[in-house]
Amino acid sequence: MGYNELILHYVNNYSAKIFMTRLTSDKHDFYLMYVYEFDKELEYFADTFLKYLPFYAGNDDYFYYLEQAIKRNKDVDLDELLVRRSKSLRANSKTIPNRTIATDGIYGELFLDFYLRIVNKRKPILTYVNKRSFDSNYESTGPDNMLYYIDSERQINICICEAKFVAGAANAKNKLIGDIVGDGSTVGHVTKQYLNDYFQFVVEKNKNIEDEDKEIFKPFLFALNEEMDSGKDFLSVLIDRNICVNFIFFAIFDSTKKEPNKFDEYYEEIYGACKLNVEALGIKNYKVEIVFIPTTNASMKIKREMEKAYE
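Computed from a prediction, not measured in an experiment: that's the story for all the values here.

> Requested: an account of the overall build of the protein, with residues and values cited.
In terms of helices and strands, the protein carries 13 helices and 7 strands. Taking all 311 residues of the protein together, the buried fraction comes to 52%. For the protein, the accessible area works out to roughly 14800 Å², and carbon and sulfur atoms hold 47% of it.

This is the structure in structure tokens:
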């Protein structure tokens, strides 16, 4: 039960609980929505959060431990091991902040990670553990997830992602736009200064490029280090080498509306804010994806249900 086998376990047993049916707006196919069995919403969110946390917050040592545990006992219940580790992480981990439900960003970040890595097979450049400082009770700063994939033409794509799990669609839209442009008290994440500083942090911390992709990444990373040493910033290198940047905005919010066309105005506002900032940076090779998951229950009720699983 290595890394890829664990992904398959989530695909087969958990994907349909939240990401059952993919819908698109008539306006653009990158305005996405996922719907599911809403009558089982509380159960499905709680179960998926509980079982996925060890993968989201895990590392290679944990995947090796799972593999060895299953080799020792072929009849071991994998979900039982995941629950045990999940509860241990919430109770004892120094890398997962112990914050109030209302202020903890892990709920949206975890389901975004599930969407990217399990549903879409994206690969992390920077894992949750890499982002965390030891014994810090603050949220990690910067984009919520940074991943990559190699497309069908063997080109590198970098994914910069933001997530919200909040009350109401308007609130989700406003908070995502705040992440893009800034909100007066914080610098926007889609700005030259912020992206250059964050990419530098990623380059220094990164150890996650998979072996099968290193052949493609090596020339890029070599050129990146060489050009940055000669005075170029990361964003300039990204643009010069025509690396495709995927901006993904993900929001879970309560709403009676369950059709993507009903939210076209909100999709458009998020897309417009991103497009304006991205093109002002000089990035021409980019994609935007906006994913909404409307829930029946209030966001706080769902989060409380997820926390009950740890009692």
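> Account for the nonpolar core, with residues named and values stated.
What tends to happen in soluble globular proteins is that the nonpolar side chains get buried as a cluster. Counting 52 residues, the largest nonpolar core has Y10, F45, F111, F250 and M306 as its most contacted members. In terms of residue count, helix α3 (residues 41–57) provides more of this core than any other element does, 10 residues in total. In contact with F250, not counting residues within four places along its chain, are F19, G108, F111, L112, Y115, E162, A163, K164, L176, V291 and I293. Among the nonpolar cores identified, the runner-up in size contains 48 residues, and M146, Y148, I180 and F263 belong to it.

> Outline the packing of aromatic side chains, supporting the account with residue identities and numerical values.
Tallying each qualifying case throughout the model produces 29 aromatic pairs. Clustering of aromatic rings is evident, with ring pairs tying together Y10, Y14, F19, Y34, Y52, F55, F114, Y115 and F250. Its end group placed over the ring of Y149, R122 keeps NZ or CZ at 3.7 Å from the ring centre.

> Please set out the environment of Y266 residue by residue, giving values where relevant.
For Y266, the position within the fold is in helix α12 (residues 264–280). Placed 92 residues apart in sequence, Y266 and N174 show a C-alpha to C-alpha distance of 9.0 Å. Ignoring sequence-local partners within four residues, the contact set of Y266 consists of A169, A170, K173 and F292.

> With reference to specific residues and values, describe the pattern of salt bridges.
With the rule as written, the count across this model stands at 12 salt bridges. For K232, the salt bridge identified is with D240, shortest N-O distance 2.3 Å. The residue K275 makes a salt bridge to E279 at a minimum N-O spacing of 3.4 Å. Taken together, the residues K275 and E279, both in helix α12 and 4 residues apart, mark about one turn of the helix.

Thresholds, definitions, all that
Residues numbered from 1 in each chain as written. Predicted model: local features only at pLDDT ≥ 70, side-chain atom pairs only at ≥ 80, totals over all residues. Heavy atoms only, no water. Helix = DSSP H or I, 4+ residues; strand = E, 2+ residues; numbered from the N terminus. Buried < 20%, exposed > 50% of the residue type's maximum accessible area, 1.4 Å probe, protein only. Areas by Shrake-Rupley, 256 points an atom, 1.4 Å probe, with all protein chains shown as cover. Core = buried A, V, L, I, M, F, W, Y, C linked by side-chain atoms within 4.5 Å. Contact = heavy atoms within 4.5 Å. Phe/Tyr/Trp six-rings, centres within 6.5 Å; stacked < 30°, edge-to-face > 60°. Lys NZ or Arg CZ within 6 Å of the ring centre and 35° of its normal. Salt bridge = Lys/Arg side-chain N within 4 Å of Asp/Glu carboxyl O.

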